[in-house]
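Now for the letters of each chain:
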Amino acid sequence: MARRTMPIVTALVTGAALLLTACGGGGSDDSSDKIEGAGGGSEKSKSSAPANPGEPDVSLPSDLKVEFDSSKSSDPRHAAAQENAENYIRALNHGITAQDPKDPAYQFYSLGNATRYAQKQIKSWVDDKWTATGTDSYYRAKTDKVGTAGVLVTMCRDQSKFYGKSVETEKIRHTKPSLDDYQEFRLLMKQPKGSEKIWKVLQIEVEGRVKECRR
């Protein structure tokens, strides 16, 4: 488990009614975290530069890997939503390792509170002078339709090999594996509209100590 992990966010997605409202709200700056976006391919290297023109750099240092299982929905819309949910997570890690709370990568893949969530997480690492190393794993992804313009992407996370590293000393903070390593991420994705081309994150909920996510 990392020296610093993304804090558990609760009460952001309390049910279908809230999710539907969030999707209908577009890019509003309300109290819900939101996710939109669909761009880079899932086959993209975990530490590679963006494959398509216009996408931000989400490359990572050689000592950090962000892994996702390769399964994707047969529904093109759901697959695109899942792809950019993954890109948002890659971008968040990119911001941590770049030590930049205003990194453009996560802003490209998010809206509203999802943008503020990423900025807050990155800033907490930077303020404490920590960066990330190891392997951050996501798996058992599934997608569900929400309203007429939203897709909910759910995935498990294993951070038992994801560690914090001191920026000043490069000392790695190892911790013993525990149930704290297993989380469930729920990412509400908003469908592109008009001239928009990618799905983006509208809302994010992270639940900790999820026994069902153990591998």
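What comes next is a walk through the structure.

Here we look at the packing of aromatic side chains
Part 1 of the reasoning: In this structure the tally under the stated criterion is four aromatic pairs.
Part 2 of the reasoning: Judged by centre distance (5.1 Å) and plane angle (20°), the rings of Phe 68 and Tyr 138 are stacked. In this pair, Phe 68 is assigned in strand E2 (residues 64-68) and Tyr 138 in strand E4 (residues 130-146), connecting sequence segments 70 residues apart. Take Phe 68 and Tyr 138: they sit in the same class, and that class is buried.
Part 3 of the reasoning: The rings of Phe 68, Tyr 138 and Phe 185 are connected pair by pair, giving a single aromatic cluster.
Part 4 of the reasoning: The ring of Phe 108 carries Lys 200 above its face, with NZ or CZ at 5.9 Å from the centroid.
Part 5 of the reasoning: Note that Arg 215 overlies the ring of Tyr 139, its terminal NZ or CZ placed 4.0 Å from the centroid.

Re helix H2 (residues 76-98)
Part 1 of the reasoning: With 23 residues, H2 should cover 33 Å at 1.5 Å per step; its first-to-last C-alpha distance of 32 Å lies within 8% of that length.
Part 2 of the reasoning: Its side-chain oxygen placed 2.8 Å from the backbone nitrogen of Arg 77, Asp 75 serves as the N-cap of H2.
Part 3 of the reasoning: Downstream of H2 by a residue or two, Gln 99 has a phi angle that is positive, lying close to 55°.

Quick notes on the packing of H2 against helix H4 (residues 112-127)
For any two helices packed against each other, one specifies the crossing angle of their axes together with the interaxial distance.
Part 1 of the reasoning: The interhelical angle for the contact between H2 and H4, taken along N-to-C directions, is 30°, at an axis separation of 9 Å. Taken together, H2 and H4 sit at an angle that is classed as roughly parallel. In this structure, H2 meets H4 at a crossing whose hand is right-handed. In this structure, H2 uses Tyr 88, Leu 92, Gly 95 and Ile 96 to contact H4, whose residues at the interface are Ala 114, Tyr 117, Ala 118, Gln 121, Ile 122 and Trp 125.
Part 2 of the reasoning: Among the residues forming the contact of H2 with H4, the class breakdown is eight nonpolar, two polar and no charged.

Cut-off values and rules
- Residues numbered from 1 in each chain as written.
- Predicted model: local features only at pLDDT ≥ 70, side-chain atom pairs only at ≥ 80, totals over all residues.
- Heavy atoms only, no water.
- Phe/Tyr/Trp six-rings, centres within 6.5 Å; stacked < 30°, edge-to-face > 60°.
- Helix = DSSP H or I, 4+ residues; strand = E, 2+ residues; numbered from the N terminus.
- Buried < 20%, exposed > 50% of the residue type's maximum accessible area, 1.4 Å probe, protein only.
- Lys NZ or Arg CZ within 6 Å of the ring centre and 35° of its normal.
- Expected span 1.5 Å × (residues − 1).
- Polar contact = N/O pair within 3.5 Å; in protein donor to acceptor, adjacent residues only side chain to side chain.
- Axes fitted to C-alpha atoms, helices over the stretch in contact; angles between N-to-C directions.
- Parallel < 35°, antiparallel > 145°, perpendicular 65-115°, else oblique.
- Left-handed = near helix turned anticlockwise from the far one by under 90°.
- Contact = heavy atoms within 4.5 Å.
- Nonpolar A, V, L, I, M, F, W, Y, C, P; charged D, E, K, R; others polar.

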